[in-house]
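Inside the fold
Chain residues, written in single-letter form:
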Amino acid sequence: AQSVAQPEDQVNVAEGNPLTVKCTYSVSGNPYLFWYVQYPNRGLQFLLKYITGDNLVKGSYGFEAEFNKSQTSFHLKKPSALVSDSALYFCAVRGDNYGQNFVFGPGTRLSVLP
Amino acid sequence: KAGVTQTPRYLIKTRGQQVTLSCSPISGHRSVSWYQQTPGQGLQFLFEYFSETQRNKGNFPGRFSGRQFSNSRSEMNVSTLELGDSALYLCASSLSRESSYGYTFGSGTRLTVV
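Calculation rules
Residues numbered from 1 in each chain as written. Chains lettered and ligands numbered in written order. Predicted model: local features only at pLDDT ≥ 70, side-chain atom pairs only at ≥ 80, totals over all residues. Heavy atoms only, no water. Phe/Tyr/Trp six-rings, centres within 6.5 Å; stacked < 30°, edge-to-face > 60°. Helix = DSSP H or I, 4+ residues; strand = E, 2+ residues; numbered from the N terminus. Buried < 20%, exposed > 50% of the residue type's maximum accessible area, 1.4 Å probe, protein only. 1 Å grid on protein atoms, 1.4 Å probe; cavity = no way out; pocket = protein on both sides within 12 Å on 5 of 7 lines; lining within 4 Å. Points joined across faces, edges and corners; volume = space filled by probe spheres on them. Nonpolar A, V, L, I, M, F, W, Y, C, P; charged D, E, K, R; others polar. Polar contact = N/O pair within 3.5 Å; in protein donor to acceptor, adjacent residues only side chain to side chain. Contact = heavy atoms within 4.5 Å. Buried area = accessible area lost by both parts, 1.4 Å probe. Salt bridge = Lys/Arg side-chain N within 4 Å of Asp/Glu carboxyl O.

**Comments concerning the packing of aromatic side chains**
Inspection of every chain in the model, using the stated rule, returns 18 aromatic pairs over all chains. An angle of 65° between the planes, with centres 5.6 Å apart, marks the rings of Tyr35 of chain B and Phe45 of chain B as edge-to-face. With a gap of 10 residues between them, Tyr35 of chain B in strand β4 (residues 31-38) and Phe45 of chain B in strand β5 (residues 42-50) connect regions that are remote in the sequence. We classify Tyr35 of chain B as buried; its relative accessible area is 1%. Judged by its relative accessible area of 14%, Phe45 of chain B is buried. Site record: aromatic cluster; members linked through ring pairs are Phe34, Tyr36, Phe46, Phe102 and Phe104 of chain A together with Tyr35, Phe45, Tyr103 and Phe105 of chain B.

Next up, the structure:
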């Protein structure tokens with residue numbers, strides 16, 4: 001069965017500092033991994049995805065994520081946080097068999113303090 | 001191009017009533033999935049439609065149903081509403097059921113049951 005864990009409910013970081021939001025997953029077969037961000041009263045917005053190839057994936061708004069197969073992790077990172085990055089972040093995994101659903105993590109609330 | 005459109009944005013219903021929510025996917029997208037989001041349970045998968053057929057279903061009671069039309073628009077219906085059905089209902093569309101394709105989410109319908 002597929003599962004996603006985001007071990008931190010909340011991450012606080014000062015503006016200008018680097019941020020990391022953690023994600024680990026379990027899936028049968030090869031994983032397709034995604035990060036989404038949700039602002040208040042909005043749907044989820046796509047940030048980036050890992051399908052294959054380079055383990056470091058770059059996405060929207062300066063975010064990047066590193067795929068680590070041995071640790072089954074896909075942590076989201078940004079070198080310098082902005083107050084506007086404050087939001088709810090979801091990691092999701094999809095197995096590579098056709099028609100598999102997304103499994104979302106519980107979400108991590110990121111607060112960037114000015 | 002237009003994004004995923006969900007209507008209405010907000011709904012207030014009383015217990016026992018039924019409700020229908022609508023989702024228009026991005027033009028050309030044939031897969032539509034529905035999620036329920038609550039603070040306590042996170043994102044929970046309801047169902048997925050592709051080419052007018054339900055392909056996957058989550059663990060929700062039969063009061064929750066959906067359908068997809070030939071133009072890929074989708075509706076979900078909840079009958080005999082309960083207080084616990086209060087949630088943000090999110091629709092997501094995808095070009096394909098191939099796992100490498102991500103979702104594009106709508107802004108959601110906020111349902112409040114009183």
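**Thoughts on empty space enclosed by the protein**
Counted according to the given criterion, the structure contains 1 cavity of 30 Å³ or more. Each pocket or cavity is described by its volume, and for the largest cavity that value is around 30 Å³. Contributing to the lining of the largest cavity are Asn41 of chain A together with Arg9, Tyr10, Leu88, Gly108 and Arg110 of chain B. Looking at side-chain class alone, the lining of the largest cavity contains 2 nonpolar, 2 polar and 2 charged residues.

**Details of the side chain of Ser93 of chain B**
Residue and element names in this part refer to chain B. Counting through the fold element by element, Ser93 comes out in strand β9 (residues 87-94). Looking at Ser93, the relative accessible area reads 0%, which means it is buried. Looking at Ser93, its side chain comes within polar contact range of the main-chain nitrogen of Ile26, at 3.5 Å. Sequence-distant contacts of Ser93, defined by excluding residues within four places in its chain, comprise Val4, Pro25, Ile26, His29, Ser31, Val32, Gly102, Tyr103 and Thr104.

**Remarks on the layout of surface pockets**
Volume-wise, the largest pocket comes out at about 410 Å³. Taken together, 18 residues make up the lining of the largest pocket; nearest its centre are Gln38, Leu88 and Arg109 of chain A together with Gln37 and Pro39 of chain B. Top contributing element to the lining of the largest pocket by residue count: strand β10 (residues 87-95) of chain A, with 3 residues. Class assignment of the residues belonging to the lining of the largest pocket gives a composition of 8 nonpolar, 6 polar and 4 charged.

**Observations concerning the interface of chain A and chain B**
Each partner contributes to the interface: chain A provides 22 residues, whereas chain B provides 21 residues. Carbon and sulfur atoms supply 47% of the area buried between chain A and chain B, which totals about 1900 Å² over both sides. Sorting the residues of chain A by area buried against chain B places Arg94, Tyr98 and Asn101 of chain A first, and these three jointly supply 29% of that buried surface. At the junction of chain A and chain B, the tally comes to 0 salt bridges. Here chain A and chain B share 3 residue pairs in polar contact (both at pLDDT 80 or more) between them. Looking at the side of chain A that touches chain B residue by residue, the classes come out as 10 nonpolar, 8 polar and 4 charged.

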